[in-house]
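Coordinate analysis (summary)
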Amino acid sequence: MTQRKKTKVYITRKLPDAVETRMRELFDAELNIDDTPRSREQLLDAVERCDVLVPTVTDRIDAALIEAAGPQLKLIASFSNGTDHIDIDAAARRGITVTNTPNVLSEDTADMTMALILAVPRRLAEGSRVLTDKPGEWAGWSPTWMLGRRIWGKRIGIVGMGRIGTAVARRAKAFGLSIHYHNRKRVSPQTEDELEATYWDSLDQMLARVDIVSVNCPSTPATFHLLSARRLALMQPTSYIVNTARGGIIDEQALIQYIREGKIAGAGLDVFENEPAVNPKLLKLAEEGKVVLLPHMGSATIEGRIDMGDKVIINIRTYFDGHRPPNRVLPGRN
């Protein structure tokens with residue numbers, strides 16, 4: 001009996017061992033053992049000869065790359081929730097299916113969002129550095145030293161009330177925050193009742209009235225600089241902003257300026273507008289204790305990454321078994 005040829009799968013980054021082992025068992029999988037980001041030339045070579053490309057958010061899969069693909073490339077199975085790094089329309093024109101890995105990172109990202117909501121007003125990173133950067137110089141407790149802001153009883157405004165935003169709201173309510181949100185459409189009455197949430201059709205009006213802003217909406221052309229200089233100027237000088245979504249949703253230069261001028265109290269950022277580059281002015285603000293910066297680790301849990309890998313495998317197997325993959329991304333919906 002002739003052995004069935006395995007599907008050729010090209011994986012652009014290092015994935016958890018359990019996921020890579022399963023990939024090798026099922027497919028003719030090319031791994032990235034040392035996790036070095038793939039060059040444009042390497043990606044071009046991959047799409048010219050492989051059946052499946054498994055990129056991540058760090059890979060730019062644009063129209064030119066897709067147009068260079070060989071006829072054998074049938075599936076782009078992204079190891080990611082977001083798909084803004086892929087030109088979905090270009091893939092559709094070539095008859096290439098695109099899939100993602102949704103609904104596995106909501107709780108992990110919400111945990112990190114809540115951590116930043118706590119860390120920024122309570123000056124956690126700044127306090128930690130007192131002990132680690134200059135050991136032995138801490139003089140002990142003082143009633144007026146390292147004072148932050150209480151979050152209990154404050155208002156949080158959630159921008160984007162999808163799965164992650166709703167998970168953030170549940171955590172925030174448990175910490176005594178009053179829930180406000182802006183979304184393209186209202187959530188169900190049951191969810192509003194559970195969270196005692198206030199819906200704002202106007203983002204501008206919500207921003208002017210809350211103490212903490214949490215950005216949890218997807219990155220699309222419509223949300224680029226959604227938090228523009230004009231909108232950031234509406235925030236109260238005692239308010240904070242936390243972003244665990246995508247850096248481009250906030251006008252980073254304007255945010256830096258307003259924090260520097262005392263028009264916004266501070267920020268907690270896990271994402272940046274020009275990742276992996278981080279604006280030196282943000283780093284300076286971090287040194288001064290006005291912002292908390294994290295290296296895009298909101299979804300970084302072992303469990304979450306394995307769940308993502310499982311979804312990639314299911315999407316590939318389903319497609320090549322002749323069925324529609326469960327996490328297909330259609331044009332106009334990324």
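Small disclaimer: the values here were computed from a predicted structure and weren't measured. Throughout this description, residue numbers start from 1 for each chain and increase along the sequence as written. Residues qualify for local features only when their pLDDT is at least 70, as the model is predicted, and side-chain atom pairs are given and counted only at 80 or more; totals for whole chains, interfaces and linings, by contrast, use all residues. Side-chain measures here rest on the full set of heavy atoms in the structure, leaving out hydrogens and waters.

A closer look at the overall build of the protein chain
When you go through the protein chain residue by residue, the secondary structure sums to 13 helices and twelve strands. In this setup the radius of gyration rests on C-alpha atoms only. A globule is expected at 2.2 Å times the number of residues raised to 0.38. Taken over C-alpha atoms, the radius of gyration comes to 22 Å for the protein chain, in line with the 20 Å a tight globule of 334 residues would show. The principal-axis extent of the C-alpha atoms belonging to the protein chain is close to 80 × 50 × 35 Å. In this analysis, two residues are considered to be in contact whenever any of their non-hydrogen atoms come within 4.5 Å of each other. By sequence separation, contacts in the protein chain at least 24 residues apart represent 62% of the contacts at least 6 residues apart. A total of about 17000 Å² of accessible surface is found on the protein chain, and carbon and sulfur atoms cover 51% of it. Charged residues are defined narrowly, with Lys and Arg counted positive, Asp and Glu counted negative, and His plus the chain ends left uncounted. In this description, the location of a charge corresponds to atom NZ of lysine, CZ of arginine, CG of aspartate or CD of glutamate. Here the protein chain contributes 45 positive and 42 negative side-chain charges, whose respective centroids are spaced 3 Å apart. For the purposes of this entry, the term helix denotes a DSSP run of H or I that reaches at least four residues, the term strand denotes a run of E that reaches at least two, and both are numbered from the N terminus. Residue-level accessible areas treat just the shown protein chains as cover; the underlying method is Shrake-Rupley with a 1.4 Å probe.

Section: the nonpolar core
The biggest cluster of nonpolar side chains holds 30 residues, and the ones touching the most others in it are Val213, Val215, Leu227, Leu232, Ile241 and Leu255. Elements represented by at least two residues in this core include exactly α9 (203-207), β9 (212-215), α11 (252-260), β11 (266-269) and α12 (280-287). The element best represented in this core is α11, accounting for five residues. Excluding residues that lie within four positions of it along the chain, leucine 232 makes contacts with Leu227, Ile241, Ile250, Asp251, Ala254, Leu255, Tyr258 and Ile264. To form a nonpolar core, buried Ala, Val, Leu, Ile, Met, Phe, Trp, Tyr and Cys residues must be joined to one another through side-chain atoms within 4.5 Å. A simple rule labels every residue: compare its accessible area, found with a 1.4 Å probe on the protein chains alone, to the largest value its type can have, and call it buried under 20%, exposed over 50%, or partly exposed in between. Val120, Ala169, Leu177 and Val242 belong to the second-largest nonpolar core, a separate cluster that totals 27 residues.

Section: the UniProt feature "domain: D-isomer specific 2-hydroxyacid dehydrogenase catalytic" (unreviewed entry) in the protein chain
UniProt positions are given in the numbering used here, feature names are shortened, and annotations may be inferred rather than shown by experiment. According to UniProt, the "domain: D-isomer specific 2-hydroxyacid dehydrogenase catalytic" (unreviewed entry) feature falls on residues 18-329. Span residues 18-329 is 39% helix and 12% strand, its end C-alpha atoms 26 Å apart.

Points about α11
Taken residue by residue, α11 has Glu252, Ala254, Leu255, Ile256, Tyr258 and Ile259 as its buried positions. Considering only its buried residues, α11 is in contact with α10 (229-232), β10 (240-243), β11, α12 and β12 (291-293). By the N-cap criterion, in which a side-chain oxygen at the helix start approaches the backbone nitrogen of a residue two or three places on, α11 is capped by aspartate 251, the distance to glutamine 253 being 3.3 Å. Glycine 262 lies just past α11 and shows a positive phi near 80°. Polar contact is the term for a pair of N or O atoms within 3.5 Å; when the atoms are in protein, one must be able to donate a hydrogen and the other to accept it, and sequence-neighboring residues count only if both atoms are side-chain atoms.

A few points about the sheet that holds β9
Pairing between two strands is assigned when DSSP locates at least 2 bridges connecting them. Taken in spatial order, the seven strands line up as β8-β7-β6-β9-β10-β11-β12 in an open sheet, and their pairing is parallel. Only two strands of the sheet have a single neighbouring strand rather than two, namely β8 (198-199) and β12.

Digging into the pairing of strand β6 (residues 155-159)
Burial of β6 is extensive: four of the five residues sit out of reach of the surface. Sheet topology places β6 next to strand β7 (residues 178-182); five bridges connect them, and they run parallel. Bridge assignment links isoleucine 156 to a residue of β7, and that residue is isoleucine 179. Sheet topology note: the β6/β9 ladder contains four bridges and is parallel. Pairing of glycine 157 across the sheet is with valine 213, part of β9.

Considering the UniProt feature "domain: D-isomer specific 2-hydroxyacid dehydrogenase NAD-binding" (unreviewed entry) in the protein chain
Sites flagged by UniProt as "domain: D-isomer specific 2-hydroxyacid dehydrogenase NAD-binding" (unreviewed entry) map to residues 114-298. For residues 114-298, the end-to-end C-alpha separation is 10 Å, with 35% helix and 15% strand making up the annotated structure.

Considering the packing of aromatic side chains
Given two aromatic rings, one states the distance between the centres and the angle between the planes to describe the pair. Aromatic contacts are taken between Phe, Tyr and Trp rings whose centres are within 6.5 Å, Trp giving its six-membered ring; a plane angle under 30 degrees counts as stacked, one over 60 as edge-to-face, and the others as tilted. For the structure shown, the criterion picks out two aromatic pairs. The interplanar angle of 50° and the centroid separation of 5.1 Å between the aromatic rings of tyrosine 181 and tyrosine 199 together place this pair among those described as tilted. With tyrosine 181 in strand β7 and tyrosine 199 in strand β8, this residue pair connects regions lying 18 residues apart in the sequence. The class for tyrosine 181 is buried, based on a relative accessible area of 0%.

Some thoughts on the environment of glycine 289
Tracing the backbone shows glycine 289 in the loop between α12 and β12. The class of glycine 289 is partly exposed, set by a relative accessible area of 24%. Measuring from C-alpha to C-alpha, the distance between glycine 289 and glycine 148 comes to 11 Å, with 141 residues separating the pair along the chain.

Structural notes on the sheet that holds strand β2 (residues 28-30)
The five strands lie next to each other as β2-β1-β3-β4-β5, forming an open sheet whose pairing is parallel. What marks the edges here is a single partner per strand, and that holds for β2 and β5 (97-99). Averaged over all pairs of adjacent strands, the angle between their axes in this sheet comes to 15°, without regard to strand direction. Bridge count between strand β1 (residues 8-11) and β2: three bridges; the pairing is parallel. Paired with lysine 8 across the strands is aspartate 28, a residue of β2. In this fold helix α2 (residues 40-49) packs onto β1, β2 and β3 (52-54), with an angle of close to 165° to the strand it touches most, β1. Lines fitted to C-alpha atoms define the axes, with helix axes restricted to the stretch in contact, and inter-axis angles between N-to-C directions lie between 0 and 180 degrees.

A look at the pattern of salt bridges
It is possible for side chains of opposite charge to pair when their charged atoms get near one another. Think of a salt bridge as a Lys or Arg side-chain nitrogen and an Asp or Glu carboxyl oxygen that are within 4 Å of each other. Taken as a whole and assessed by the stated rule, the structure comprises 22 salt bridges. Arginine 170 is the partner of glutamate 194 in a salt bridge, and the nearest nitrogen-oxygen pair spans 2.7 Å. One end of the pair, glutamate 194, is in helix α8 (residues 189-195); the other, arginine 170, is in helix α7 (residues 163-174), with 24 residues separating them in the sequence. A salt bridge links glutamate 192 to arginine 186; the nearest nitrogen and oxygen atoms lie 2.8 Å apart. Overlapping salt bridges, with partners in common, bring together Lys8, Asp28, Glu30, Asp45 and Arg49 in one network.

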